[in-house]
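Now for the letters of each chain:
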Amino acid sequence: MDFAAVKIQAKDLFTQASFITEIRNDTDYENALALLEELLEDYDDYRPLIGILTNTIEAWENVAPEFAAFNQRVAQLDDGVAVLRTLMDQYQLKADDLKNEIGGKSLVSMILNGSRNMTREHIQALSLRFNLNPSVFFRTASAPVTLHLVTT
């Protein structure tokens, strides 16, 4: 392996696109999102870079002032509800669209507003539909939930 060539290529890449490993401002954030969108078109070819970039974007979104109110609301949500809301948003679903996994529109609404909890059956059905590990619906003190939705 030609480490000298790798070092030169890495230096060139990070000089041109330092936002890949650290986002410092809104312009870096917008560039990171734009590059991620481009990379997703050829997901298999760019999987390692996509992983690095999504971690960098997530780190920025966790600390950027413009996301503070959103992050606070999410932190106060039941983990399962937060995941459910994210899925509904990502897939542009309405309560009626989840009747096979959860039940009627009123039950979905009650879960979303916190007056009812998701059952084990709901979580299993949602996990199957969206190809998710059921653990994303739960958070432990040592492992906060991170949900990466990637369309291929």
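Residues numbered from 1 in each chain as written. Predicted model: local features only at pLDDT ≥ 70, side-chain atom pairs only at ≥ 80, totals over all residues. Heavy atoms only, no water.

Some thoughts on the nonpolar core
Core analysis: the biggest nonpolar cluster contains 20 residues, and Leu84, Leu98, Ile102, Ile111, Leu126, Phe130 and Phe137 have the highest contact counts within it. Those elements giving two or more residues to this core turn out to be helix H5 (79-90), helix H6 (105-112) and helix H7 (120-130). Counting residues per element, this core draws most heavily on H5, which supplies five residues. Among all residues touching Ile102, those that are not within four sequence positions of it are Leu84, Leu107, Val108, Ile111, His122 and Leu126. Ile23, Tyr29, Leu53 and Phe67 belong to the second largest nonpolar core, which has 14 residues in total. (Core = buried A, V, L, I, M, F, W, Y, C linked by side-chain atoms within 4.5 Å. Buried < 20%, exposed > 50% of the residue type's maximum accessible area, 1.4 Å probe, protein only. Helix = DSSP H or I, 4+ residues; strand = E, 2+ residues; numbered from the N terminus. Contact = heavy atoms within 4.5 Å.)

Considering the pattern of salt bridges
This model, assessed by the stated rule, comprises three salt bridges. Linking Asp44 and Arg47 is a salt bridge whose minimum nitrogen-to-oxygen distance equals 2.8 Å. Of this pair, Asp44 and Arg47 both sit in helix H3 (residues 43-63), three residues apart, roughly one helical turn. Here Asp44 falls in the exposed class, since its relative accessible area comes to 58%. (Salt bridge = Lys/Arg side-chain N within 4 Å of Asp/Glu carboxyl O.)

Remarks on the packing of helix H2 (residues 26-40) against H3
Each pair of packed helices can be summarised by the angle the axes make with each other and by the distance between the axes. Between H2 and H3, the shortest axis-to-axis distance is 9 Å and the interhelical angle comes to 155 degrees. When the axis of H2 is compared with that of H3, the two are roughly antiparallel. Read as a crossing pair, H2 and H3 show a hand that is left-handed. Between H2, through Asp26, Tyr29, Ala32, Leu33, Leu35, Leu36, Leu39 and Leu40, and H3, the contact on the second element is made entirely by Tyr43, Tyr46, Leu49, Ile50, Leu53, Thr54, Ile57, Trp60 and Glu61. (Axes fitted to C-alpha atoms, helices over the stretch in contact; angles between N-to-C directions. Parallel < 35°, antiparallel > 145°, perpendicular 65-115°, else oblique. Left-handed = near helix turned anticlockwise from the far one by under 90°.)

So, the side chain of Glu101
Considering the arrangement of structural elements, one finds Glu101 in the loop between H5 and H6. The class of Glu101 is buried, set by a relative accessible area of 13%. A polar side-chain atom of Glu101 sits 3.1 Å from a polar atom in the side chain of Arg129. Those residues in contact with Glu101 that sit more than four places away from it in its chain are Glu121, His122, Ala125, Leu126 and Arg129. (Polar contact = N/O pair within 3.5 Å; in protein donor to acceptor, adjacent residues only side chain to side chain.)

Some thoughts on H3
Along its length, H3 shows its largest kink, about 50 degrees, at Leu49. Among the residues of H3, those classed as buried are Ile50, Leu53, Thr54, Thr56, Ile57 and Trp60. (Bend = angle between axes of the 7 residues up to and from the residue.)

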